[in-house]
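# Inside the fold
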Amino acid sequence: MSTLSVSPPSSLARRSVLTLADLSRTEIRATLDLAKELKRDYTPFASALKQRAVVLLFEKASLRTRVSLEVGIAKLGGACVYLDHQSSPIGQRESIADYGRNLERWADALIGRVLGHQTLIELHRSTKVPIVNALCDAHHPCQILADALTLEEHGIDLSSMRLAWLGDGNNVCNSLMQLTAIFGGRMVVATPEDCRPLPAWMARTSELSRTTGAQIEYTSDVKHIATSDAVYTDAWISMGENDSAAKRESMRPFQVNEATLKLAGKNAIFLHCLPAHRGEEVIDSVIDSPASVVFDQAENRMHAQNALLLQLLGVR
Ligand code: CP
Ligand code: NVA
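Take the sheet that holds strand β1 (residues 53-58) next. The parallel open sheet is built from 4 strands, whose spatial order is β2-β1-β3-β4. Where the open sheet ends on each side, the last strands, each with one partner, are β2 (79-84) and β4 (131-133). Taking each pair of neighbouring strands and ignoring which way they run, the sheet shows an average axis angle of 20°. Pairing geometry for β1 and strand β3 (residues 109-113), over 5 bridges, is parallel. Bridge pairing links Val54 to Ala109 in β3.

Glancing now at the side chain of His303. Positionally, His303 belongs in helix α12 (residues 294-312). On the basis of relative accessibility, which here comes to 3%, the residue His303 falls in the buried class. In this structure the side chain of His303 is engaged in a polar contact, spanning 2.8 Å, whose partner is the side chain of Glu299. The contacts of His303, once residues within four sequence positions are left out, are Ala35, Leu38, Lys39, Tyr42 and Leu149.

A few words now on a nonpolar patch on the surface. On the surface, a nonpolar cluster with roughly 250 Å² of combined accessible area is contributed by Leu63, Val67 and Val71. Here Val71 is to be found in helix α3 (residues 64-75).

The two faces of the sheet receive side chains in turn, since in a regular strand these alternate between them. Here strand β8 (residues 230-233) shows no split at all, with Ala230 and Tyr232 on one side and Val231 and Thr233 on the other all buried. Here 4 bridges tie strand β5 (residues 162-166) to β8, and the two strands are oriented parallel to one another. Bridge assignment links Ala164 to a residue of β8, and that residue is Val231. Of the pairings in the sheet, the one linking β8 to strand β9 (residues 269-272) comprises 4 bridges and is parallel in character. Counterpart to Ala230 in the pairing with β9 is Ile269.

The rules we used
- In this convention, every chain numbers its residues from 1, walking through the sequence in written order.
- Chain letters start at A and ligand numbers start at 1, both assigned in the order the entries are written.
- Two thresholds apply to this predicted model, a pLDDT of at least 70 for residue-level local features and 80 or more for giving and counting side-chain atom pairs, whereas whole-chain, interface and lining totals are computed over all residues.
- The side-chain quantities take in all heavy atoms of the structure and omit both hydrogens and water.
- Paired strands are those between which DSSP finds at least two bridges.
- Numbering of helices and strands starts at the N terminus; helices are DSSP runs of H or I of at least 4 residues and strands are runs of E of at least 2.
- Helix axes are fitted to C-alpha atoms over the stretch in contact, other axes to C-alpha atoms as well, and angles between N-to-C directions run from 0 to 180 degrees.
- The buried label goes to any residue with under 20% of its type's maximum accessible area, the exposed label to any with over 50%, and the partly exposed label to all in between, with areas taken from a 1.4 Å probe on protein chains only.
- Any pair of nitrogen or oxygen atoms within 3.5 Å is treated as a polar contact; in protein, a donor-acceptor pairing is required on top of that, and neighbouring residues in sequence qualify only through side-chain atoms on both sides.
- The criterion used for residue contact is that any of the two residues' heavy atoms lie within 4.5 Å.
- Residues qualify for a patch when their relative accessible area is over 30% and they have no salt bridge, like charges being joined within 9 Å and the nonpolar side chains of Val, Leu, Ile, Met, Phe, Trp and Tyr within 5 Å.
- We get accessible surface area from the Shrake-Rupley algorithm with a probe of 1.4 Å; when it comes to residues, only the shown protein chains can shield them.
- Any carboxyl oxygen of Asp or Glu within 4 Å of a side-chain nitrogen of Lys or Arg constitutes a salt bridge here.

Put into structure tokens, the structure is as follows:
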């Protein structure tokens, strides 16, 4: 009997992951441990998704998410179909529910990158297969699972980590806030006052922090990032958002440069989900420095997503 068939199926079997908080701390732990196992050696998992198919439905552009999913699913022996919805949003040709009810007849999971989170909720409500959020306007849980793996690989303990977020209080920031809240670390979210995470996101984070004692501070004073283990930034203008010269201007003090990294502390590492806008939210000498772990994050997308999929499909 193979090692794959003797493991009891995870509690995650047939569940959807629309936000990071759809996973408990124990489930995130199990996912990260399995991701590390995969990263060491894919050989025992080469047929884990044999006869299984996953559909990717993307309303927005992607390099990392698409390629890490397609290559990752191939490494597990599964099939993957990519549906490009960049010029025809989901729900335009037929209802979201009908769309999902067709896809679930062929596919074992649907992974969506969508303009609005509600599309994922509707897909989840109308189908029985797991739905995974591959980025929406409010969340990016797959990214943050990879980031958690990267932080641990660089010796940072998730329950005592001190994170600094600089720039826009966006989807990636929101999922990182949830990770911090679930594990009990500290996070300073430094943004212009009118670019703070939405009040509903902050409320959810403080609810999640109640049991772990996580400390999340929202500030417009960059100096508050002092003594951080990691500094994270992202695009000032996200996909699907209107460009704004005024917003870009207000972001300037939140650029990650040598001075901000120094402020964070001499051992602080630098994270970015990518794509980077060099010269805007980060400068070359930071993203190309030894402190930068951005390509580890990119690689880890594949291992973390694969670990999640194996559990959602009941293989582990
Ligand atoms: N970080 C990330 O999600 O990258 P892509 O937009 O290229 O998928
Ligand atoms: N906040 C960015 C992340 C890209 C991976 C966006 O939503 O465009």
